[in-house]
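Structural characterization, general
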Amino acid sequence: MSPSENKQITHYISRKSYSEEETIELGKWIGGMLQPGDHIYLHGEIGTGKTRIAKGIIAQYSGIHLDDVVSPTFTLLNRYGEDRVAFHADFYRIDQPDIEDVGLEIVYEYASVLVVEWPEKMTECPEAALKVSLSYDEGENERIIVFEWRTGSKWDERMSDIEEFSQITKNHGISHQVN
Ligand SMILES: Nc1ncnc2c1ncn2[C@@H]1O[C@H](COP(=O)(O)OP(=O)(O)O)[C@@H](O)[C@H]1O
Ligand SMILES: [Mg+2]
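Quick summary incoming for the structure in this document.

1. Looking at the site of ligand 1
Taken together, 16 residues are adjacent to ligand 1, and Thr23, Gly49, Lys50, Thr51 and Asn141 come closest. Among the elements of the structure, helix H1 (20-33) and helix H2 (50-62) are those that each provide at least two residues to the shell around ligand 1. In terms of residue class, the shell around ligand 1 is built from 1 nonpolar, 9 polar and 6 charged.

2. Things to note about the packing of H1 against H2
Where H1 contacts H2, the two axes come as close as 7 Å, and the packing angle between them is 40 degrees. Our classification of the angle between H1 and H2 gives oblique. Here H1 runs over H2; the crossing is right-handed. Residues Glu20, Thr23, Ile24, Glu25, Leu26, Gly27, Lys28, Ile30, Gly31 and Gly32 of H1 form the contact with H2, whose own contacting residues are Arg52, Ile53, Ala54, Lys55, Gly56, Ile57, Ile58, Ala59, Gln60 and Tyr61. Across the contact of H1 with H2, the residue classes tally to 9 nonpolar, 6 polar and 5 charged.

3. Remarks on the environment of Glu142
Along the polypeptide, Glu142 turns up in the loop between strand S6 (130-136) and strand S7 (143-150). For the pair Glu142 and Thr23, spaced 119 residues apart in sequence, the C-alpha separation works out to 9.8 Å. Dropping the residues within four chain positions of it, Glu142 is found in contact with Lys16, Tyr18 and Asp137.

4. Things to note about the environment of Phe87
Inspection of the secondary structure assignment puts Phe87 in strand S4 (residues 86-90). We classify Phe87 as buried; it has 23 C-beta atoms within 10 Å. With 25 residues separating them along the chain, Phe87 and Ser62 place their C-alpha atoms 9.9 Å apart. The residues contacting Phe87, other than those within four sequence positions of it, are Leu77, Asn78, Arg79, Val107, Ser112 and Leu114.

Criteria and cut-off values
- Residues numbered from 1 in each chain as written.
- Chains lettered and ligands numbered in written order.
- Predicted model: local features only at pLDDT ≥ 70, side-chain atom pairs only at ≥ 80, totals over all residues.
- Near = placed C-beta within 6 Å.
- Helix = DSSP H or I, 4+ residues; strand = E, 2+ residues; numbered from the N terminus.
- Nonpolar A, V, L, I, M, F, W, Y, C, P; charged D, E, K, R; others polar.
- Axes fitted to C-alpha atoms, helices over the stretch in contact; angles between N-to-C directions.
- Parallel < 35°, antiparallel > 145°, perpendicular 65-115°, else oblique.
- Left-handed = near helix turned anticlockwise from the far one by under 90°.
- Contact = placed C-beta atoms within 7 Å.
- Buried ≥ 20, exposed ≤ 12 C-beta atoms within 10 Å, placed from the backbone.

Spelled out as structure tokens, the structure:
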């Protein structure tokens, strides 16, 4: 394989959030463009807002109230919605080899939406996911939220409207990653 074939092109868009509400709104925007079978991986330290953005995503996608989406930290996997089923997983408390016991097969079987906190713990990631990385910034309520996906994947089109959605401080581009 030549070096160029070994290169994976990744597209990214970065957004700044100044409040919990803004992060939830961004989540709702994502939830509004999702299709069955889409997977979202949420990366970031504790307290950066993974559960907040997940609430927005799932409430919007499954058509339920924000307050009904609760953190799966203890349950590991929560299921929402009837017609538009979404699963919310949080693997923070689990050891890698035990993830198979959580029963993720059901997610793949029904082509549901899957939102994962701490996806680093998963041994295999079968779906080309939209990667969302949250990090702290200077102010107490400031977060940087970076969306990343493989160029040429379904996310190119899905993410194309985010420019119009958000006038928040932005920075975007394409990065080349060597596998
Ligand atoms: N801009 C912001 N976006 C998201 N959460 C924020 C923001 N500013 C402050 N917060 C607070 O940070 C915390 C994020 O918690 P949570 O979503 O549970 O994080 P995680 O799931 O990443 O551990 C909440 O207490 C929330 O009120
Ligand atoms: Mg959380």
